[in-house]
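# An overview of the molecular structure
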Amino acid sequence: MTDQTAKFTLGDKSVESPVLKGTVGPDVIDIRKLYGQTGAFTFDPGFTSTASCESQITYIDGDEGVLLHRGYPIGELAEHSSFMEVAHLLLNGELPNGDELAKFENTITRHTMVHEQLTKFYSGFRRDAHPMAIMCGVVGALSAFYHDSTDISDPQQRMIASHRLIAKMPTIAAMAYKYSVGQPFVYPDNNLSYTGNFLRMTFGVPAEEYEVIPAVERAMDRIFILHADHEQNASTSTVRLAGSSGANPFACMAAGIACLWGPAHGGANEAALNMLREIGRPERIPEFIARAKDKNDPFRLMGFGHRVYKNYDPRATVMQKTVREVFEALKVNDPVFDVALQLEEMALNDDYFREKKLFPNVDFYSGVILSAIGFPTTMFTVLFALARTVGWVAQWNEMISDPAQKIGRPRQLYTGAPQRSYVPMDQR
Ligand code: CMC
């Protein structure tokens, strides 16, 4: 709380609203009593000026291009920590010491298998089903399997559900991939790291030993770190909204996955690589830039622009570096990377993109790396969901433990017909 107040005057009514102060970032006007005192709502579609909750997990300064998890800059976490460390940090508030990390990793490892009956769900899907469609269904179905961790009023059950979700997502995601290519599911190997295990379940086959390439494991782990949480983004807000009604955590995660799928959110990584491949060669870049600027063309540069970042997305910086590392480790070179680099340069020197402050976001380069590792584009958003599960469960836990928590119930500006009488069929 600050000693400032914001004054609103509406007709003969005047209201003073307290101004709240966060640790960093813009002050927040507390309008909770506004409706009661003035009879008027605020109107903010897309929440461009509205803080929907109080949170201690992630902070973004979009103008400066800063992203902090529990205070730690994303660049430092990506450089020095592992995804499991970041998961512990997001979920429990602090980086783990050696013992805490070993215990956390052990707990997650012990939950990597899924109930055998769950494997039957996959065969109900067409082989060409989008893996995000499978993820929505299978993750939602977890609530039918783990009844002992759906009582959200019990903090221990909430934590078990959170561990289960973090642990089982790689298994479920890898199974979605295996199903699409007609290969047998590969069971988890708990001797491997979280990320090594995921790579083996995805690319290994029972007929051969699978060798995890350390540079790829490290790159993949870093990609997971970069996607782990991002404040009150659309899918996280969806998870919070679904959870605010008391729905169980597995159902809430399925809601988050559904929201993430859209091309304006997690689906952008798939769309970005498809776009880069369609551009194909540097000579065609100006044509696509012109289309992105054309008001009469719905085309947008995918992987560009962000609701919050009006500067370079700090995650894109790490991604760009990681592309080079993966190419070097796998001894590959994809011309699409040159297209991406040149597209970025041309867009950043173009007045349209400069004036609108449109910069590459996390998705611009991630597809290039994932494709080099061997993932089909349809799996890209699944990988995002896998990593973001950590953020979702951390934010969901924070919300449920908040004593001020209420069901999320926005209001509206109604512009439909006023009350009228029913018209019988023969008089219409
Ligand atoms: N290409 C061309 N023009 C753009 C783009 C783009 N990628 N992004 C925004 N604009 C223009 C837009 O046309 C609008 O112009 P005007 O003011 O003249 O109407 C202006 O910039 C503001 O755009 P907006 O849609 O009002 O901004 P928003 O904050 O609602 O949307 C966004 C943010 C990410 C949905 C949007 O930038 C976009 O569609 N980008 C492409 C999709 C993408 O890469 N999404 C991934 C986001 S990062 C991963 C994640 O968090 O999920």
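Residues numbered from 1 in each chain as written. Predicted model: local features only at pLDDT ≥ 70, side-chain atom pairs only at ≥ 80, totals over all residues. Heavy atoms only, no water.

Let us look at the overall build of the chain. Counting secondary structure elements, the chain contains 18 helices and 6 strands. By the compact-globule yardstick of 22 Å for 428 residues, the chain fits well, its C-alpha radius of gyration being 23 Å. Projected onto its principal axes, the C-alpha coordinates of the chain cover approximately 75 × 65 × 55 Å. Counting all 428 residues of the chain, 47% fall into the buried class. Expressed as a percentage of contacts within the chain between residues at least 6 apart in sequence, the contacts between residues at least 24 apart total 70%. As presented, the chain carries roughly 21,600 Å² of accessible surface, and 52% of it is formed by carbon and sulfur atoms. (Helix = DSSP H or I, 4+ residues; strand = E, 2+ residues; numbered from the N terminus. Rg over C-alpha atoms; globule rule 2.2 N^0.38 Å. Buried < 20%, exposed > 50% of the residue type's maximum accessible area, 1.4 Å probe, protein only. Contact = heavy atoms within 4.5 Å. Areas by Shrake-Rupley, 256 points an atom, 1.4 Å probe, with all protein chains shown as cover.)

So, on to the site of the ligand. Taken together, 22 residues surround the ligand, and among them His265, Lys295, Leu301, Arg307 and Lys356 come closest. Within the side chain of Lys295, a nitrogen or oxygen atom sits 2.7 Å from an oxygen atom of the ligand. Within the contact set of the ligand, a nitrogen atom lies 3.0 Å away from a side-chain nitrogen or oxygen of Tyr352. Surface burial for the ligand is 75%, taken as the share of its 940 Å² of free accessible area covered by protein chains. (Near = heavy atom within 4 Å. Polar contact = N/O pair within 3.5 Å; in protein donor to acceptor, adjacent residues only side chain to side chain.)

This next bit is on the sheet that holds strand E1 (residues 5-10). Here we have 3 strands laid out as an open sheet, ordered E1-E2-E3, and antiparallel in their pairing. Strands with a single pairing partner mark the edges of an open sheet, and in this sheet they are E1 and strand E3 (28-29). In this sheet, strand E2 (residues 13-20) lies alongside E1 in antiparallel orientation, the contact comprising 6 bridges. Paired with Thr5 across the bridge in E2 is Pro18. (Pairing = 2+ DSSP bridges.)

Right, let's get into helix H8 (residues 194-203). For H8, a buried count of 8 out of 10 residues is recorded, marking the element as mostly surrounded by other parts of the structure. Buried residues along H8 sit against helix H3 (83-92), helix H4 (98-109), helix H7 (155-181), helix H9 (214-227), helix H17 (363-373) and helix H18 (380-401).

Once that is clear, we can look at helix H15 (residues 335-348). The first and last C-alpha atoms of H15 sit 20 Å apart over 14 residues, in line with the 20 Å expected at 1.5 Å per residue. Regarding H15, the residues found buried are Val336, Phe337, Val339, Ala340, Leu343, Glu344 and Ala347. Mapping the buried residues of H15 onto a view down its axis gives an arc of 155°, with all of them on the same face. Looking at H15, the residues exposed on the side facing more than 90 degrees away from the buried face are Pro335 and Glu345. Buried residues along H15 sit in contact with helix H12 (268-279), helix H13 (285-293), helix H14 (314-330), helix H16 (351-355) and H17. (Expected span 1.5 Å × (residues − 1). Arc of directions from axis to C-beta.)

Here we take up the packing of aromatic side chains. Here the structure, examined in full by the defined rule, presents 19 aromatic pairs. Centroid distance Phe83 to Phe224: 5.4 Å. Interplanar angle 50°. Geometry classified as tilted. Placement of Phe83 in helix H3 and of Phe224 in helix H9 is noted, with a sequence separation of 141 residues between them. There is no split in this pair, since Phe83 and Phe224 are both buried. For the ring pair Tyr352 and Phe353, a centre distance of 5.0 Å and an interplane angle of 70° mean the geometry is edge-to-face. On the accessibility criterion, Tyr352 (22% relative accessible area) is partly exposed. (Phe/Tyr/Trp six-rings, centres within 6.5 Å; stacked < 30°, edge-to-face > 60°.)

Time to look at the pattern of salt bridges. Here the structure, examined in full by the defined rule, presents 16 salt bridges. For Arg32, the salt bridge goes to Asp30, with nearest N and O atoms at 2.9 Å. Residue Arg281 is joined to Glu283 by a salt bridge in which the shortest nitrogen-to-oxygen separation is 3.1 Å. On the basis of relative accessible area, Arg281 is assigned to the partly exposed category, the value being 45%. (Salt bridge = Lys/Arg side-chain N within 4 Å of Asp/Glu carboxyl O.)

In this structure, Arg70 takes a positive phi of about 50° despite not being glycine. Structurally, the position occupied by Arg70 is in the loop between strand E5 (66-69) and strand E6 (72-73). Here Arg70 falls in the partly exposed class, since its relative accessible area comes to 23%. One non-glycine residue, Glu231, lies in the positive phi region at around 60°.

With that out of the way, let us pick up the state of the cysteines. This structure, assessed with the given rule, holds 0 disulfides. Sulfur of Cys136: no disulfide; nearest cysteine sulfur belongs to Cys259 and is 10 Å away. (Disulfide = S-S within 2.5 Å.)

Here Asn397 lies in helix H18. For the pair Asn397 and Met159, spaced 238 residues apart in sequence, the C-alpha separation works out to 8.1 Å. Excluding residues that lie within four positions of it along the chain, Asn397 makes contacts with Leu91, Arg158 and Ser162. Separated by 3.4 Å, the side chains of Asn397 and Arg158 make a polar contact. Among the polar contacts listed, one links the side chain of Asn397 to the side chain of Ser162, at a separation of 2.8 Å.

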